[in-house]
Amino acid sequence: MLLGVNIDHVATLRNARGGNEPDVLTAARICKVCEVESITTHLREDRRHIKDADVEAIRKLPRVRLNLEMAMTKEMQEIALKLRPHAVCIVPEKRQEVTTEGGLDVAGQLDWAIEFTKPLIEKNIEVSFFIDPDVHQIAAVSKTGAPFIELHTGKYSEAFGTEEEEKCFQDLKGAALFAQNFGLKVNAGHGLNYQNVHRMHEIPNLVELNIGHSIISRAVFVGLEQAIKEMKSLCENSSK
């Protein structure tokens, strides 16, 4: 499996005090040195961590694959069409949430999802929808023209090591297989860490894992480059 690194929380730390430290662009360059598949940033509507200038600077880095997480709004569509990141992941967004709490309801706003996706695909931007492991949502995404889904792994991550782990894991695995039957490619992420990520190898043909918080947390103690290398090894190596 490939690894995409979300560097939002580098910006969270920077914004806690203001100024430029730690520098988001330096974090992106370290990700590049580590040869991760993509660098993910979530440009939220309230700009609580990543700012417009951050994504613009990362987009200018040579040979860096920018994955822009964003809400399904007209403003964000216009930003993506102007910036032209390599990929976008459409996520739900609530002002009061600490982090993304669940998958996007694509089925409930399918017409807008189709309209939203079309111009992005026409600009050769790879589109994915961040959804719960739900067959109705997967079927809806298959109608949008987007080639990818990203499965929300939050419930599995929270249940890891408890009696609910196996059910949550099997929900993920079943959803991935269901999506692949539609010809969709499958990524996954949210809450994955150094302890629970190994089970993702049990899901056939997962393309990429997007992981942020646990990597940045680990980086506090060992440095960002080492933290990325450790997670990258876990993603590439199927042994526990």
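Okay, so let's go over this structure.

The rules we used
Residues numbered from 1 in each chain as written. Predicted model: local features only at pLDDT ≥ 70, side-chain atom pairs only at ≥ 80, totals over all residues. Heavy atoms only, no water. Patch = residues over 30% accessible without salt bridge, like charges linked within 9 Å, V, L, I, M, F, W, Y side chains within 5 Å. Areas by Shrake-Rupley, 256 points an atom, 1.4 Å probe, with all protein chains shown as cover. Salt bridge = Lys/Arg side-chain N within 4 Å of Asp/Glu carboxyl O. Helix = DSSP H or I, 4+ residues; strand = E, 2+ residues; numbered from the N terminus. Axes fitted to C-alpha atoms, helices over the stretch in contact; angles between N-to-C directions. Parallel < 35°, antiparallel > 145°, perpendicular 65-115°, else oblique. Left-handed = near helix turned anticlockwise from the far one by under 90°. Contact = heavy atoms within 4.5 Å. Core = buried A, V, L, I, M, F, W, Y, C linked by side-chain atoms within 4.5 Å. Buried < 20%, exposed > 50% of the residue type's maximum accessible area, 1.4 Å probe, protein only. Pairing = 2+ DSSP bridges.

1. Regarding a nonpolar patch on the surface
- On the surface, Val220, Phe221 and Val222 cluster together into a nonpolar patch covering about 330 Å² of accessible area.
- With respect to the secondary-structure elements, Val222 resides in helix α9 (residues 213-222).

2. Notes on the packing of α9 against helix α10 (residues 224-236)
- Between α9 and α10, the shortest axis-to-axis distance is 7 Å and the interhelical angle comes to 130°. When the axis of α9 is compared with that of α10, the two are oblique. α10 is crossed by α9, and the crossing has right-handed handedness. On the side of α9, the interface is formed by Ser214, Ile215, Ile216, Arg218, Ala219 and Val222, while α10 contributes Leu224, Gln226, Ala227, Ile228, Glu230 and Met231.

3. Looking at the nonpolar core
- Counting 72 residues, the largest nonpolar core has Ile7, Phe129, Met200 and Ile215 as its most contacted members.
- Residues within four places of Ile7 in sequence aside, it is in contact with Val24, Ala27, Ala28, Cys31, Ile39, Thr40, Thr41, Ile50 and Ile58.

4. As for the environment of Val127
- With respect to the helices and strands, the residue Val127 is situated in strand β5 (residues 126-131).
- Discounting chain neighbours no more than four positions away, the residues touching Val127 are Val88, Ile90, Thr117, Leu120, Ile121, Ala146, Pro147 and Phe148.

5. Details of the pattern of salt bridges
- Scanning the model with the defined rule gives 15 salt bridges in all.
- In this structure, the salt-bridge partner of Arg47 is Asp52, at a minimum N-O distance of 2.7 Å.
- A salt bridge links Glu230 to Arg218, with the shortest nitrogen-to-oxygen separation between them at 2.8 Å. Separated by 12 residues along the polypeptide, Glu230 in helix α10 and Arg218 in helix α9 bring together distant segments of the chain.
- On the basis of relative accessibility, which here comes to 22%, the residue Glu230 falls in the partly exposed class.
- We classify Arg218 as partly exposed; its relative accessible area is 31%.
- Taken together, the salt bridges that share partners define one network made up of Glu165, Glu166, Arg199 and Glu202.

6. Details of the sheet that holds strand β1 (residues 2-6)
- Around the barrel, eight strands lie side by side as β1-β2-β3-β4-β5-β6-β7-β8; this closed barrel has parallel pairing. Neighbour to neighbour, the strand axes of the sheet diverge by 25° on average, direction disregarded.
- Of the strand pairs in this sheet, strand β6 (residues 148-152) and strand β7 (residues 185-189) are connected by five bridges, and their pairing is parallel. When the bridges of β7 are listed, Glu150 appears paired with Asn187.

7. Some words on unusual backbone geometry
- Residue Pro22 is bonded to the preceding Glu21 through a cis peptide linkage, with omega at -10°.
- Secondary-structure assignment places Pro22 in the loop between α1 (8-17) and α2 (24-33).
- The phi angle at Arg47 is positive, at roughly 55°, despite the residue not being glycine.
- Looking at the secondary structure, you find Arg47 in the loop between β2 (38-42) and α3 (52-59).
- Judged by its relative accessible area of 15%, Arg47 falls in the buried class.
- Backbone geometry places Asn205, a non-glycine residue, at a positive phi of 65°.
- For Asn205, a relative accessible area of 62% gives the class exposed.

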